[in-house]
Amino acid sequence: MLSQVWCAGNLLVITVVSYFGAKFHRPRIIGAGVLLMAMGTLLMALPHFLMGRYEYESVASPVNDAGNFTVTSPCTAGSQNIAQQLTAGCDKGEEQGSLMWLVLLLGNSIRGIGEATVGPLGMAFIDDYARPENSAFYIGCLYTISVIGPLFGYSLGSYCANLYVDIGFVDKESVLITPQDSRWVGAWWLGYLVAGALSVLSAVPFWFLPSALPEVPQPAEPDASSGQPVHTCPEQTMVSLAEIAKDFVPSLKRLLSNKIYVLYLIFNALIFNGFVIIVTYTPKYFEQQFGQSASRANFLFGITSIPAMCLGIFLSGVIMKRFNLDQLGAAKMGFVTYIAGFLCTVPYFVLSCPNMDVAGITVPYQRSALAGDVDVSLLSSCNAGCGCSLNQWDPVCGQNGVTYVSACHAGCNSTHGSGMNTNFHDCRCVQNWGVSEVNSTAVLGQCPRQSSCSTVFYIFLALQSLSFFLLCLGSVPLFLICLRTVEPELKSLSAGMFMLVLRLMGGIPAPIYFGALIDSTCLKWGSRKCGGRGACRMYDTQTFRFTVTPPSVEVVWNCSMKEAFRKSKSQNAATELCKMNGIVRCGQRQ
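Residues numbered from 1 in each chain as written. Predicted model: local features only at pLDDT ≥ 70, side-chain atom pairs only at ≥ 80, totals over all residues. Heavy atoms only, no water.

The name an unreviewed UniProt entry assigns to the protein chain is Solute carrier organic anion transporter family member, from the organism Pygocentrus nattereri. As stated in UniProt under Sequence similarities (unreviewed entry), the record for the protein chain gives "Belongs to the organo anion transporter (TC 2.A.60) family." The UniProt entry for the protein chain carries the following comment under Subcellular location (unreviewed entry): "Cell membrane". (UniProt positions renumbered as here; feature names shortened; annotations may be inferred.)

Caption draft 1: View of helix α11 (residues 259-290). The terminal C-alpha atoms of α11, which comprises 32 residues, lie 45 Å apart, in line with the 46 Å expected from a rise of 1.5 Å per residue. The principal kink in α11, of about 50°, is found at tyrosine 281, preceding the proline proline 283 by one to four residues. N-cap assignment for α11: the residue whose side-chain oxygen lies 3.2 Å from the backbone N of isoleucine 260 is asparagine 258. Glycine 291 sits one or two positions beyond α11 and adopts a positive phi of about 70°. (Helix = DSSP H or I, 4+ residues; strand = E, 2+ residues; numbered from the N terminus. Expected span 1.5 Å × (residues − 1). Bend = angle between axes of the 7 residues up to and from the residue. Polar contact = N/O pair within 3.5 Å; in protein donor to acceptor, adjacent residues only side chain to side chain.)

Caption draft 2: Layout of helix α15 (residues 451-472). For α15, spanning 22 residues, the distance from its first C-alpha to its last is 33 Å, which sits close to the expected 32 Å at 1.5 Å a residue. Among the residues of α15, those classed as buried are Cys453, Phe457, Phe460, Leu461, Gln464, Ser465, Ser467, Phe468, Phe469, Leu470, Leu471 and Cys472. (Buried < 20%, exposed > 50% of the residue type's maximum accessible area, 1.4 Å probe, protein only.)

Caption draft 3: Geometry of the packing of aromatic side chains. Following the criterion strictly, the structure yields 20 aromatic pairs and no others. Plain terms: the ring middles of tyrosine 539 and phenylalanine 544 are 5.3 Å apart, the flat faces sit at 50° to each other, and that makes the pair tilted. Given the relative accessible area of 4%, tyrosine 539 is considered buried. Judged by its relative accessible area of 1%, phenylalanine 544 is buried. Members of the aromatic cluster, connected to one another through ring pairs, are Tyr285, Phe286, Phe290, Phe301, Tyr348, Phe457, Tyr458, Phe460, Phe468, Tyr539 and Phe544. Positioned over the ring face of phenylalanine 323 is arginine 322, at 5.4 Å from the centre of the ring. (Phe/Tyr/Trp six-rings, centres within 6.5 Å; stacked < 30°, edge-to-face > 60°. Lys NZ or Arg CZ within 6 Å of the ring centre and 35° of its normal.)

Caption draft 4: Inspection of the state of the cysteines at higher detail. Throughout the structure, instances matching the rule amount to six disulfides. Between the sulfur atoms of cysteine 388 and its disulfide partner cysteine 408 the distance amounts to 2.0 Å. What sets the handedness of the cysteine 388 and cysteine 408 disulfide is the S-S torsion sign, and at about -95° it is left-handed. Here cysteine 408 lies in the loop between β4 (403-404) and β5 (414-416) and cysteine 388 lies in the loop between α13 (327-343) and β3 (396-398), a separation of 20 residues in the sequence. Classification of cysteine 388 as buried rests on a relative accessible area of 11%. The exposure class assigned to cysteine 408 is buried, which follows from its relative accessible area of 7%. The disulfide partner of cysteine 522 is cysteine 536, and the gap between their sulfur atoms is 2.1 Å. (Disulfide = S-S within 2.5 Å.)

Caption draft 5: Inspection of the nonpolar core at higher detail. With 68 residues, the main nonpolar core has Tyr261, Tyr264, Phe286, Phe290, Phe479 and Phe498 as its most contacted residues. For this core, the leading source of residues is α11, giving twelve residues. Judged by nonpolar contacts, the second largest core, of 17 residues, contains Cys382, Tyr404, Ala410 and Ala442. (Core = buried A, V, L, I, M, F, W, Y, C linked by side-chain atoms within 4.5 Å.)

Caption draft 6: Expanded view of the pattern of salt bridges. By the definition in use, this model includes two salt bridges. The shortest N-O distance in the salt bridge between aspartate 166 and arginine 53 comes to 4.0 Å. Highlighted residues: aspartate 166 in the loop between α7 (132-161) and α8 (188-203) and arginine 53 in the loop between α3 (46-50) and β1 (60-62), separated in sequence by 113 residues. Ionic pairing is found between arginine 254 and glutamate 487, a salt bridge with its closest N-O pair at 2.6 Å. Placement of arginine 254 in helix α10 (residues 248-256) and of glutamate 487 in the loop between α16 (475-484) and α17 (491-507) is noted, with a sequence separation of 233 residues between them. (Salt bridge = Lys/Arg side-chain N within 4 Å of Asp/Glu carboxyl O.)

Caption draft 7: Broad picture of unusual backbone geometry. Phi is positive for asparagine 324, close to 50°, though the residue is something other than glycine. You can see asparagine 324 is positioned in the loop between α12 (294-323) and α13. For asparagine 324, a relative accessible area of 57% corresponds to the exposed category. With a phi close to 55°, aspartate 426 is a non-glycine residue in the positive phi region.

Caption draft 8: Molecular detail of the sheet that holds β5. If you walk across this open sheet you meet the five strands as β4-β3-β7-β6-β5, and the pairing is antiparallel. If you trace the sheet from one side to the other, it starts and ends with β4 and β5, each paired once. Relative to strand β7 (residues 442-444), β3 is paired through three bridges, and the arrangement is antiparallel. Within the sheet, the bridge partner assigned to cysteine 397 lies in β7 and is valine 443. (Pairing = 2+ DSSP bridges.)

Caption draft 9: Focus on the packing of α11 against helix α18 (residues 509-519). Here α11 crosses α18 at 45°, and the two axes come no closer than 9 Å. When the axes of α11 and α18 are compared, the pair comes out oblique. Crossing geometry of α11 relative to α18 is assigned as right-handed. Together, Asn273, Val276, Ile277, Tyr281 and Lys284 of α11 and Ala510, Pro511, Tyr513, Phe514, Gly515 and Ile518 of α18 make up the contact between the two elements. For the contact of α11 with α18, the class distribution of residues is eight nonpolar, two polar and one charged. (Axes fitted to C-alpha atoms, helices over the stretch in contact; angles between N-to-C directions. Parallel < 35°, antiparallel > 145°, perpendicular 65-115°, else oblique. Left-handed = near helix turned anticlockwise from the far one by under 90°. Contact = heavy atoms within 4.5 Å. Nonpolar A, V, L, I, M, F, W, Y, C, P; charged D, E, K, R; others polar.)

Pasting the structure below:
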């Protein structure tokens, strides 16, 4: 929901900013937008300092006198009152929903409003004051640098996710969960503080840039194909805001009447759906499919995918400059690179790890029942007298290599140790697997994945990096179509409308409908303190895999439609593109 609010704030102003901002001092408008982004980013960290400490359920609890831990027997008659203890105060209405989410929504919407100035005005500014043969290279360099930001973000996010959310406020020894645990919450707020401070610093240079770069005078030469002179960039003149606003609707109508541009918007909206899904849910996919922690998933996704994307974007600008591709050549290059990138994603369907063995969810409690058709349930004869809560999630790993939802569900009768060194003994459900009573123990946390799963994971990372490289190899050519198929005075508006459509048709709906699809693969839901469904604790990895992979198929559909369009209208399209490129492009470049 937070990402959709960012898009909503962006959508509110991006069209207006891209049109009106092009008429005024663009660098200073960009600087003001970056300051807004900084303010919104810092605002999003505020809820952490206004809310209480994070609490999670665990069989171990701290004591105040000895500084140690006392642990009750998980499977006793007294454990039947655990659910009542956890929900104490709910009837009195003591637990109320926090309103801090409103602060997050406000901060993210402010970030979206500020970002609306950067893309449309920045890209058009570069294209206005660069030679035609250098424009693609400069935009490619800018795209490459902009991708380094997510690389830093994923690295910072990985570091923060590995830190406990209340670091600095609680004793580290009192934390009984690890980053691999689905209940773990990292220091999410720390990244916003760092990003907000850096945004403030990056906004300062924009206020000292001129409104226009100096140009080298060049004589106007007649166009060879039409005999008409090439249009030069018009000098900026002081016009009133009313005159600018009066021309807004006609300019928008002229832009949307460009059939090539409109078709370009539709197809890129489809591509952006798949891109948003991949960026948003790939770290979660790593966690569930390959058993990686949130910290490691973010780190590996950043250091493998982002450099590949940087290299692809940079080389796409170099290729455009080296071969001086026109609009039709740029479209062909995008088609080839997208097809190649899709082919690298086909093996995703077979690169997977099996579901983790969790008693009562993916496997039965008795080994003898594995070969038979037996209903899987959280309750069994080995823990029937323990009074275990069906909503509990405090996983332990049995000596038999099977994970149990809790020590209570494992039927453990005694405990030894404290904190992360807590061991559970005499676990009857572990004995059902043929383990002797002496070895029927369990420890806190989920059982580790098989070693072969790590090999599959690294193969997946390599293919994903190659796929991202190929897909980004066509990014600059496709974006230049957005700028080169419209009149020069509409370039900022076309870039703004392009981003508006991407976020309206891709950035907002994609996480919503795809998040619902992922939720449908959940095998074990958590619960809130006073009832109601909480976060998903475990997914069906096989169903999850087939849900995540298909979005890449729309890339082929997209490119096939583009190719069909070019075949049917190649002559007219090429004529129109060449005419616009020769007559209406700015002649004074440097």
